[in-house]
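Close look at the chain arrangement
For reference, the chains in residue letters:
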Amino acid sequence: MSHFEPNEYINYEKLEKNINIVRKRLDRPLTLSEKIVYGHLDDPAKQEIERGKTYLRLRPDRVAMQDATAQMAMLQFISSGLPKVAVPSTIHCDHLIEAQSGGEKDLRRAKEINQEVYNFLATAGAKYGVGFWKPGSGIIHQIILENYSYPGVMLIGTDSHTPNGGGLGGICIGVGGADAVDVMAGIPWELKCPKVIGVKLTGKLSGWTSPKDVILKVAGILTVKGGTGAIIEYHGPGVDSISCTGMATICNMGAEIGATTSIFPYNARMKKYLGKTGRADIAALADEFKQHLVPDAGCQYDQVIEINLSELKPHINGPFTPDLAHPVSDIGAVAEKEGWPVDIRVGLIGSCTNSSYEDMGRSAAVAKQALAHGLKCKSKFTITPGSEQIRATIERDGYAQILRDVGGLVLANACGPCIGQWDRKDIKKGEKNTIVTSYNRNFTGRNDANPETHAFVTSPEIVTALSIAGTLKFNPETDYLTGADGKKFKLEAPDADELPKLEFDPGQDTYQYPPKDGSGQHVDVSPTSQRLQLLEPFDKWDGKDLEDMLILIKVKGKCTTDHISAAGPWLKFRGHLDNISNNLLIGAINIENGKANSVRNALTQEFGPVPDTARYYKKMGVKWAVIGDENYGEGSSREHAALEPRHLGGRVIITKSFARIHETNLKKQGLLPLTFADPADYNKIHPVDKLSIVGLADFAPGKPLKCIIKHPNGSQETIMLNHTFNESQIEWFQAGSALNRMKELQQKSS
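Residues numbered from 1 in each chain as written. Predicted model: local features only at pLDDT ≥ 70, side-chain atom pairs only at ≥ 80, totals over all residues. Heavy atoms only, no water.

A short note on the environment of Gly608
With respect to the helices, strands and loops of the structure, Gly608 is situated in strand β24 (residues 607-608). Judged by its relative accessible area of 18%, Gly608 falls in the buried class. Considering only alpha carbons, one finds Gly608 and Asp505, 103 residues apart in sequence, at a separation of 54 Å. (Helix = DSSP H or I, 4+ residues; strand = E, 2+ residues; numbered from the N terminus. Buried < 20%, exposed > 50% of the residue type's maximum accessible area, 1.4 Å probe, protein only.)

If you want it as structure tokens, here you go:
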């Protein structure tokens with residue numbers, strides 16, 4: 001399965017056996033997504049299968065966790081009382097390194113600041129059999145692609161961009177930490193049977209058009225919620241014109257359309273990448289089982305989108321949402337019309353989405369042309385290598401130096417500015433400005449905590465070209481630059497090798513193997529720590545209806561997990577539930593006053609911060625609810641956005657619709673995520689009302705719940721609320737959380 005796990009093997013025989021059982025039962029051709037998902041069923045002979053409706057019980061092959069979410073996942077695993085993980089698992093230190101002055105200095109600083117957390121993760125990994133990738137090793141998704149993903153794998157990761165592994169033909173799904181704990185505990189993992197959206201690619205990529213433009217185009221078509229509950233399956237003759245790492249880019253950003261995951265069929269480009277990353281043996285085995293690693297002829301998709309790559313133009317999406325798509329040729333005029341700043345302050349390339357050898361090579365090819373004409377970037381310019389292997393290889397092959405020469409600053413092998421880990425100094429907070437990135441997400445304030453930063457996402461080569469020009473009004477396909485000699489010239493479309501001619505340079509060894517027996521390893525969590533806190537079980541449901549709940553906040557408009565539990569400076573508290581709960585919903589807009597982090601305390605009638613108000617309600621023993629809009633909880637997989645409201649006394653979240661991961665995370669922590677049967681009922685609830693959820697004694701799958709709204713004038717009205725709970729998820733609610741239910745089952749079995 002991996003060089004790092006010599007005793008763990010790929011079991012294509014079992015995959016084949018399960019696929020054949022399901023194909024015989026369904027009696028129809030299968031999509032690739034179905035083959036791999038159904039191939040991992042716990043009971044393929046009896047599992048009820050209906051796309052978009054039934055819940056599947058699955059057995060993933062492995063688990064991956066990044067350091068910000070691994071803290072809470074490992075704390076929950078410790079609470080389970082189990083001695084060792086049941087499947088191969090890894091921890092990756094990539095989220096806690098702040099971009100400030102450059103790679104080496106920033107890494108050194110991060111190790112000092114986060115020593116307590118890194119020590120906890122390293123020792124917890126050693127004790128429970130989890131591999132540990134040290135800070136500086138690289139971004140989780142690049143490490144997975146280089147070492148752990150393979151055609152046909154089912155991998156779950158505690159990060160929303162885990163689908164990156166679909167570039168190697170795997171079903172790789174982002175989840176919350178509680179889901180990871182289930183799999184690490186050897187419990188079947190539940191997933192609502194996904195629909196399958198087919199994206200047929202024809203033609204061939206060429207010129208300035210890159211793999212990133214495929215997903216930017218798809219995001220514009222499907223929007224941020226168009227992929228919810230579905231796997232995006234790319235197929236067609238155009239697939240073969242995309243490199244393996246390019247396919248990974250496309251799958252990675254599928255998280256921005258709400259997709260469960262995305263996948264490409266096994267092909268020669270994947271085989272080439274496996275060979276170059278020291279896994280030719282896996283490619284040879286995949287060749288033997290290739291019929292199970294591609295879709296069946298005649299398989300049916302729930303929806304089909306067709307994109308001709310030969311006609312696709314370079315795109316740039318934003319600002320403030322990743323689905324606002326524009327051709328690069330139009331963005332200058334659109335920005336001027338909308339009043340968006342056209343001068344680019346900073347260009348940033350890299351991130352888990354676009355930091356491959358090919359990405360860096362194409363960016364360097366653009367930079368080299370500018371240098372040949374005596375030009376450097378007009379905008380500030382940063383480069384984030386995706387892994388230590390990529391960093392070492394682009395240093396050896398000269399790409400890094402070219403990017404420095406054009407004005408770039410090479411940052412640490414980490415997430416950095418993409419997740420808000422950026423100590424930005426060139427502007428003041430509140431200053432209106434534009435940045436362009438090759439990242440995946442561009443929600444308000446995400447990169448630098450400045451709500452006036454207009455962030456646009458595009459390909460690394462377009463970021464490089466725009467940074468050289470310094471303006472959104474530059475179209476590299478048609479426009480000219482003026483060289484140092486005063487002569488005009490046009491940038492040629494970049495060309496670069498998808499993989500190095502020599503072998504990859506692995507760089508420094510940054511992996512810690514777990515010992516064969518970690519039972520004697522001590523894991524230290526100080527009771528006075530401000531970074532780490534052992535978890536206490538949430539209270540069980542008391543068997544009564546939830547009556548007279550106050551409304552903590554009625555959210556207006558978009559509410560991502562960044563709004564619910566901000567990242568950036570708050571990342572340091574990801575292992576301390578009480579401390580990080582001080583950021584609960586501080587970014588959400590209150591419909592009552594149009595402000596963020598300002599809500600009315602219904603008991604005192606005073607306005608104050610959201611977390612303070614929630615704590616007051618908890619202290620007074622008052623249950624509360626949140627009212628949300630469409631696609632509530634989109635974005636990151638962070639389960640803190642579910643843990644925090646539960647910790648501070650929340651019981652119910654009622655919205656027009658939920659993002660998949662967040663809805664599951666809420667269920668896992670014993671909350672009730674409910675949706676309006678009639679979305680117009682959102683307007684019937686006011687922040688000063690009280691709510692009662694009745695009929696919980698008869699809580700059952702598919703049965704709506706009744707909500708009584710009590711208005712301050714004494715009148716009341718009743719609305720109906722839908723839910724997606726199955727029987728086992730109802731047991732989570734009744735037990736107080738999924739972890740509580742797991743312990744109950746363990747006690748019964750023992």
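Some details on the sheet that holds strand β25 (residues 624-627)
Across a sheet, paired strands are connected by hydrogen bonds in the backbone, their directions being either parallel or antiparallel. Strands sit in the order β22-β25-β26-β27-β30-β29-β28 around a closed barrel of 7 strands; the barrel is mixed. Put simply, the sheet's adjacent strands are angled 40° from each other on average, direction ignored. Of the strand pairs in this sheet, β25 and strand β26 (residues 650-655) are connected by 4 bridges, and their pairing is parallel. Looking across to β26, one finds that Ile627 is bridged to Ile654. The strands touched by helix α19 (residues 610-619) within the sheet are β22 (546-554) and β25, with β22 carrying the most contacts at an inclination of about 165°. (Pairing = 2+ DSSP bridges. Axes fitted to C-alpha atoms, helices over the stretch in contact; angles between N-to-C directions. Contact = heavy atoms within 4.5 Å.)

Looking at the domain arrangement of the protein
Many descriptions give the size of an interface as the accessible area lost when the pieces come together. Splitting the protein by domain gives domain 1 (12-308), domain 2 (326-477) and domain 3 (546-749). Between the C-alpha centres of domain 2 and domain 3 there is a distance of 37 Å. Listed as interface residues are 6 residues of domain 2 and, on the opposing side, 10 residues of domain 3. Each partner contributes to the roughly 600 Å² buried at the junction of domain 2 and domain 3, and carbon and sulfur atoms together form 58% of this total. (Domains from an automatic or database assignment. Buried area = accessible area lost by both parts, 1.4 Å probe.)

What to know about the sheet that holds strand β10 (residues 261-263)
Spatial strand order, β10-β9-β8-β11: 4 strands in an open sheet with parallel pairing. Each end of this open sheet is capped by a strand with a single partner; those strands are β10 and β11 (303-308). Going from strand to strand, the sheet's axes swing by 20° on average, the running direction of each strand aside. In this structure, strand β8 (residues 195-202) lies alongside β11, joined through 6 bridges in parallel fashion. Its bridge partner lying in β11, Lys200 is registered against Glu306. Packed onto the sheet, helix α8 (residues 211-222) meets β8, β9 (230-235) and β11 and runs at close to 135° relative to β11.

As for the packing of aromatic side chains
Centre distance and the angle of the planes are the two values used to describe a pair of aromatic rings. One pass over the structure, following the stated rule, counts 20 aromatic pairs. Ring centres of Tyr357 and Phe504 lie 6.3 Å apart, and the angle between their planes is 90°; this geometry places the pair in the edge-to-face category. Within this pair, whereas Tyr357 is found in helix α13 (residues 357-372), its partner Phe504 is found in the loop between β20 (488-489) and β21 (511-512), the two being separated by 147 residues in sequence. With centroids separated by 6.3 Å and ring planes inclined at 90°, the aromatic side chains of Phe676 and Tyr682 adopt a geometry described as edge-to-face. Here the two residues Phe676 and Tyr682 agree in accessibility, since each one is buried. Chaining the aromatic ring pairs together yields one cluster made of Phe4, Trp133, Tyr148, Tyr511 and Tyr513. Lys667 extends its terminal NZ or CZ atom over the ring of Phe725, reaching a point 5.0 Å from the ring centre. (Phe/Tyr/Trp six-rings, centres within 6.5 Å; stacked < 30°, edge-to-face > 60°. Lys NZ or Arg CZ within 6 Å of the ring centre and 35° of its normal.)

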